[in-house]
Amino acid sequence: EAAVTQSPRNKVAVTGGKVTLSCNQTNNHNNMYWYRQDTGHGLRLIHYSYGAGSTEKGDIPDGYKASRPSQENFSLILELATPSQTSVYFCASGDLGGRMAEQFFGPGTRLTVL
Amino acid sequence: AQSVTQPDARVTVSEGASLQLRCKYSYFGTPYLFWYVQYPRQGLQLLLKYYPGDPVVQGVNGFEAEFSKSNSSFHLRKASVHWSDWAVYFCAVLSNYNVLYFGSGTKLTVEP
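The residue count restarts for each chain, going from 1 along the sequence in the order it is written. Labels follow written order: the first chain is A, the first ligand is 1, and so on. Predicted model: local features are reported for residues with pLDDT of at least 70 only, side-chain atom pairs are reported and counted for 80 or more only, and whole-chain, interface and lining totals are derived from all residues. Note: side-chain values were computed over all heavy atoms of the structure, leaving out hydrogens and water.

With respect to the helices, strands and loops of the structure, A:Gln103 is situated in strand S10 (residues 102-105). Residues within four places of A:Gln103 in sequence aside, it is in contact with A:Tyr33, A:Tyr35, A:Ala92, A:Ser93, A:Gly94, A:Leu96, B:Tyr36, B:Leu100 and B:Phe102. Per the convention used, a helix needs a DSSP run of H or I reaching at least four residues, while a strand needs a run of E reaching at least two, with both numbered from the N terminus. Only heavy atoms matter for contacts: two residues are in contact if any of them lie within 4.5 Å across the pair.

Have a look at this one:
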């Protein structure tokens, strides 16, 4: 069974502080993704990666950085957290080419910025 | 650009009744489409996926979906809803650069 884990599961941060959300996958997927989920918006793509060392901007990258140091790990970094970044963040891994397309999600991280 | 619209934010059905959740997509060409389910406080789980071929696809737990190119739709159906189906359902379309774009979701409530 494919596995995507996230840490921490819950985080309270202060405005202006630095926050790092971590994601690990054991699926050996090339692609990894960070989304945020807000009521009424579904899931919106922040950053994604095609493999170790690569990061790409998604639809809402402002205020976020990403890092993919290895095949297994993908981090989302908020250098200066703001209350508008309070949300639930989901990491996913997948290979979406062709008929074998699949994407697996982690359990989510609930971030509150005060 | 690709996009997905789920016109119903909330749907309520009685247990044992049939269900249809609507999804409309926008995509140039023939899309790859997905339905995911999210149970409370959990991540998303894949229900089913469509790639070019048979327009009706079967998924887990008795769910199925039908692709219609003429209507730009990919509606999810279930013949008899169970209380455990109470969840949020997301439709998604695959972009040209292997990224999923999600609709805003439909929250399903099951009444006894």
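The next subject is the pattern of salt bridges. All names here are of chain B. In the sections that follow, a salt bridge refers to a side-chain nitrogen of Lys or Arg positioned within 4 Å of a carboxyl oxygen of Asp or Glu. Following the criterion strictly, the structure yields seven salt bridges over all chains and no others. Close ionic contact of Asp8 with Arg22 constitutes a salt bridge, the shortest N to O distance being 2.9 Å. With a gap of 14 residues between them, Asp8 in the loop between strand S1 (3-5) and strand S2 (10-14) and Arg22 in the loop between strand S3 (19-21) and strand S4 (24-26) connect regions that are remote in the sequence. Note that Arg77 is salt-bridged to Glu64, the shortest N-O span being 2.7 Å.

Another aspect to go through is the interface of chain B and chain A. Counting residues at the interface gives 21 residues for chain B and 25 residues for chain A. Once two parts are put together, the accessible area they lose, assessed with a 1.4 Å probe and summed over both, is termed the buried area. With both chains or domains summed, chain B and chain A bury close to 1800 Å², and 54% of this area falls on carbon and sulfur atoms. Considering only the side of chain B, the residues that lose the most area to chain A are B:Leu44, B:Asn98 and B:Phe102, jointly responsible for 24% of the buried surface there. Inspection of the chain B/chain A interface yields zero salt bridges. What qualifies as a polar contact is a pair of N or O atoms within 3.5 Å, subject to a donor-acceptor requirement within protein and to the restriction that residues adjacent in sequence count only when both atoms come from side chains. Where chain B meets chain A, there are four residue pairs in polar contact (both at pLDDT 80 or more). Elements that contribute at least two residues to the side of chain B that touches chain A include exactly strand S5 (33-38), strand S6 (44-50), strand S10 (87-94) and strand S11 (100-102) of chain B. Of the residues belonging to the side of chain B that touches chain A, the class tally is 13 nonpolar, six polar and two charged. All amino acids are sorted into three groups, where Ala, Val, Leu, Ile, Met, Phe, Trp, Tyr, Cys and Pro are nonpolar, Asp, Glu, Lys and Arg are charged, and the leftover types, Gly among them, are polar.

This next bit is on the nonpolar core. Residues B:Trp35, B:Phe74, B:Tyr89 and B:Phe102 are the most contacted members of the largest nonpolar core, which totals 48 residues. Joining through side-chain atoms within 4.5 Å is the link that ties buried Ala, Val, Leu, Ile, Met, Phe, Trp, Tyr and Cys residues into a set, and such a set is a nonpolar core. Buried residues are those whose accessible area, probed at 1.4 Å on protein chains only, stays under 20% of the maximum for their type, while exposed residues exceed 50% and partly exposed ones sit between those limits. A:Ala13, A:Met32, A:Trp34 and A:Ala81 belong to the second largest nonpolar core, which has 18 residues in total.

Here we take up the packing of aromatic side chains. Aromatic pairs are defined between Phe, Tyr and Trp rings, using the six-membered ring for Trp, whenever the two ring centres lie within 6.5 Å; interplanar angles under 30 degrees are classed as stacked, those over 60 as edge-to-face, and all others as tilted. All told, the structure shown has 17 aromatic pairs over all chains when counted by the stated rule. A ring pair is formed by A:Tyr48 and A:Tyr50, whose centres lie 5.4 Å apart and whose planes are at 80°; its orientation type is edge-to-face. A relative accessible area of 35% means that A:Tyr50 is categorised as partly exposed. Ring plane angle 45° and centroid distance 5.6 Å describe the contact between B:Phe63 and B:Tyr89, whose orientation is recorded as tilted. Linking B:Phe63 in the loop between strand S7 (56-58) and strand S8 (64-68) with B:Tyr89 in strand S10, this pair joins segments that are 26 residues apart in sequence. Assessed through its relative accessible area of 1%, B:Phe63 is described here as buried. Clustering of aromatic rings is evident, with ring pairs tying together A:Tyr33, A:Tyr35, A:Tyr48, A:Tyr50, A:Phe105, B:Phe34, B:Tyr36, B:Phe90 and B:Phe102.

The definition used for a disulfide is geometric: two cysteine sulfur atoms within 2.5 Å. All told, the structure shown has two disulfides over all chains when counted by the stated rule. Across the disulfide, A:Cys23 is cross-linked to A:Cys91 (sulfur-sulfur distance 1.9 Å). Residues A:Cys23 and A:Cys91 share a disulfide whose torsion about the S-S bond is about -80°; that sign makes it left-handed. Taken together, the residues A:Cys23 in strand S3 (residues 19-25) and A:Cys91 in strand S9 (residues 87-95) connect sequence positions 68 residues apart. Here B:Cys23 pairs with B:Cys91 through a disulfide, and the sulfurs are 2.0 Å apart. As the torsion about the S-S bond is roughly -65°, the B:Cys23-B:Cys91 disulfide counts as left-handed. Here B:Cys23, found in the loop between S3 and S4, pairs with B:Cys91, found in strand S10; they are 68 residues apart in sequence, far enough to count as distant.

Keep in mind these values describe shape, not function.
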